[in-house]
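# A structural walkthrough
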Amino acid sequence: MFGMVRPCTHRLGERLTAQWMAHLCGLCLALRGQAGQFARVVTNYDGLVISVLTEAQAGVERAGRRRAGPCALRGMRRASVAEGDGARLAAAVSLILASAKTRDHVTDQDGLLAHRPVAAAARRIAGVWGKEGARAGAGVGFDTALLVGAVERQPEVEALAGPGTPLLAVTEPTETATAAAFAHTAHLAGIPGNAAPLAEAGRLFGRLAHLLDAVEDQEKDAASGAWNPLTATGTPRAEARRLAADALHGIRLALDEAEFTDGRLAHVLLVHELGRSVERAFGEERHRHGAEAYGPAPGNPYAPGAPPHPGGPGDLPPPPPPREPRGLIPGCLVFVGMACTCQMCCGTYEGPWSRRRRDGMCKSCGDCCECCSCCSDGCQCCECCGCCDC
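Residues numbered from 1 in each chain as written. Predicted model: local features only at pLDDT ≥ 70, side-chain atom pairs only at ≥ 80, totals over all residues. Heavy atoms only, no water.

### What about the overall build of the chain?
Each helix and strand counted, the chain has 14 helices and four strands in total. Residues counted as buried form 48% of the 390 residues belonging to the chain. The long-range fraction of contacts in the chain, counting pairs at least 24 apart against all pairs at least 6 apart in sequence, stands at 66%. Taken as a whole, the chain presents about 19,700 Å² of accessible surface, with 58% of it coming from carbon and sulfur. (Helix = DSSP H or I, 4+ residues; strand = E, 2+ residues; numbered from the N terminus. Buried < 20%, exposed > 50% of the residue type's maximum accessible area, 1.4 Å probe, protein only. Contact = heavy atoms within 4.5 Å. Areas by Shrake-Rupley, 256 points an atom, 1.4 Å probe, with all protein chains shown as cover.)

As structure tokens, this is what we get:
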């Protein structure tokens, strides 16, 4: 899993988390169906935004959902997952970009790819991903040549860049590719009027992806001698931060112009979570208003030594009976799945071996509105992300 949009399930809440996981699993299964089991390794958080946007415009029923079987990455539970054109478009884009990225690593002889047998295998895999990505794109009416062309132009743009070159000249190919993918979701949803604002949102999303990658890798690139757009163009970090802020603002305005059936998850991901990604990249920390006013979470009333319940023992339901623990190998599989999907970080989760309910590391990050930062971002909490029941 990789990408800018990495939401915490505690901030999303139960309803939006279920939607988020439906798209994540839907993309993973679409990749498997299109290019085989190994293609699932290119599942990424940013790619599934395309699936989210398609469903946000078309609605759940038109976009498509199905009941998927048990999976180790879901703790061997069944789930409702996204399917249909939105998931297939997300898979097509992910395959094309993963193919291009793999070829770049082979060309640069990164790590194990410096060895000929490994590089040859990687080239074959990249070829399969590129072919299947193009086929998946054609199946939903999307010309993946736009993505391939943008990827192929990027090295040429970088080769011409130097001190004084505008940073946005370097980010242009990425912006073009993401704009095309975002705009096509409007056609899949049958709302062509959304194509223009979503193309703008996609263009700025691509700009952010390029900017944040450059900011996060600048020190590492300097140490290894790798090319970095900020260093090559002589762009100060303060200017990169300004461009990132402008992109965030532009995405919000573009989403406001689009017509959605249910745009809450799209808004949370593309406005609030992208804002958090910018803060992480630039080493900023969001100011928590009134966080100290919230007391500690109540303890477990069944824990040894816990104070008696004010209403008496009869007011408390009996604790649920313990479930049989998992064996070593099934528990290891579930552990890997939980680690990959951040279930052990956020909210509550079931212990992989003991099956006891446990609190994630960010369970105490505050209440819903504080985590979502809706009110402090200048929008109405209930209208924008539906994270509160007020």
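### Description of the pairing of strand β2 (residues 77-82)
Here strand β1 (residues 65-71) runs beside β2; their pairing, made up of five bridges, is antiparallel. Paired with Arg 65 across the bridge in β2 is Ala 82. Connecting β1 to the next strand, β2, in antiparallel fashion are five residues, including Gly 75 with a positive phi near 70 degrees. (Pairing = 2+ DSSP bridges.)

### Thoughts on the side chain of Thr 171
Relative to the helices and strands, Thr 171 resides in helix α7 (residues 167-189). For Thr 171, the side chain forms a polar contact with the side chain of Glu 175, separated by 2.7 Å. What Thr 171 contacts, discounting residues up to four positions off in sequence, is Arg 207 and His 210. (Polar contact = N/O pair within 3.5 Å; in protein donor to acceptor, adjacent residues only side chain to side chain.)

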